[in-house]
Amino acid sequence: MFKNLLKSLYYDFKSVFVIQKVRYKVTGSCKKCGKCCKDIRMKNADNERDFKLTQFFFPMYRRFEIKGKDENGDLILSCKLLKEDGSCSVYEKRPKLCKRFPNKILYFQGVLQEGCGFKIEPEKKFEDYL
């Protein structure tokens, strides 16, 4: 996962120099259901060893535990700091990763949990490019 994180950062940096790229906007609001914290899909993260290495170098990831793998073999994580009602037990001290959810850079494919109050949409429709 650490290797994949570095690769992802490299491609994000490289994408800045692409002349025409799709930009996304986040609309909607949080329903405070906690689904996003119980079922975190990590793209290109498929091995526990790399995730443990990431937790070592980035302590904020220690709040997450591996719940399983999805149909693509990518890790599914869950936050260990959730209360029974789905709210965060350390809301005021949560990391930027959580405060920025959903981050349009992280969710460029527009994949969110079903029933989420947020939507991620392209700023321009396909027809606008024609």
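1. Looking at the overall build of the protein chain
Thinking step 1. Of regular secondary structure, the protein chain possesses five helices and five strands.
Thinking step 2. When its helices and strands are written in sequence order, the protein chain yields α-β-α-β-α-β-β-α-β-α.
Thinking step 3. Buried positions account for 25% of the 130 residues belonging to the protein chain.
Thinking step 4. The long-range fraction of contacts in the protein chain, counting pairs at least 24 apart against all pairs at least 6 apart in sequence, stands at 65%.

2. Topic: the pattern of salt bridges
Where charged atoms from two side chains of opposite charge approach closely, those side chains can pair.
Thinking step 1. Evaluated as defined, the whole model comprises one salt bridge.
Thinking step 2. Between Asp50 and Arg49 there is a salt bridge; the shortest N-O distance is 3.7 Å.
Thinking step 3. Residue class for Arg49 comes out exposed when judged on its relative accessible area of 62%.

3. A closer look at the state of the cysteines
Thinking step 1. Within the structure shown, the criterion is met by zero disulfides.
Thinking step 2. Of the cysteine sulfurs around Cys36, a residue in no disulfide, the closest is that of Cys37, at 3.9 Å.
Thinking step 3. The class for Cys37 is partly exposed, based on a relative accessible area of 23%.

4. Observations concerning the sheet that holds strand S2 (residues 40-41)
Thinking step 1. Spatially, the three strands line up as an open sheet ordered S2-S4-S3, and their pairing is antiparallel. Here the strands that pair on one side only, and so sit at the sheet edges, are S2 and strand S3 (64-69).
Thinking step 2. Here S2 runs beside strand S4 (residues 75-79); their pairing, made up of two bridges, is antiparallel. Note on S4: the bridge partner recorded for Arg41 is Ile76.
Thinking step 3. Running over the sheet, helix H3 (residues 48-57) touches S3 and S4 and is turned about 165° from S3.

5. A look at H3
Thinking step 1. Considered for burial, the residues of H3 that qualify are Asp50, Phe51, Thr54 and Gln55. Taken down its axis, H3 places every buried residue within 145° of arc, on the same side. Turned more than 90 degrees away from the buried face of H3 sit Arg49 and Phe56, all of them exposed.
Thinking step 2. Measuring from the backbone nitrogen of Arg49 back to the side-chain oxygen at the start of H3 gives 3.0 Å, which picks out Asn47 as the cap.

6. So, the pairing of S3
Regular strands show a simple pattern: their side chains alternate between the two faces of the sheet.
Thinking step 1. By the bridge criterion, five bridges tie S3 to S4 in an arrangement that is antiparallel. In the strand pairing of S4, Gly68 is matched with Ile76.
Thinking step 2. Counted between consecutive antiparallel strands, the loop separating S3 from S4 contains five residues, among which Gly73 sits at a positive phi close to 90°.

7. A look at the nonpolar core
In globular proteins that are soluble, nonpolar side chains generally tend to be buried together.
Thinking step 1. Counting nine residues, the largest nonpolar core is built from Met1, Ile40, Met42, Phe51, Tyr61, Phe64, Leu75, Leu77 and Cys79.
Thinking step 2. At three residues, the largest contribution of residues to this core is made by S4.

The rules we used
Residues numbered from 1 in each chain as written. Predicted model: local features only at pLDDT ≥ 70, side-chain atom pairs only at ≥ 80, totals over all residues. Heavy atoms only, no water. Helix = DSSP H or I, 4+ residues; strand = E, 2+ residues; numbered from the N terminus. Buried < 20%, exposed > 50% of the residue type's maximum accessible area, 1.4 Å probe, protein only. Contact = heavy atoms within 4.5 Å. Salt bridge = Lys/Arg side-chain N within 4 Å of Asp/Glu carboxyl O. Disulfide = S-S within 2.5 Å. Pairing = 2+ DSSP bridges. Axes fitted to C-alpha atoms, helices over the stretch in contact; angles between N-to-C directions. Arc of directions from axis to C-beta. Polar contact = N/O pair within 3.5 Å; in protein donor to acceptor, adjacent residues only side chain to side chain. Core = buried A, V, L, I, M, F, W, Y, C linked by side-chain atoms within 4.5 Å.

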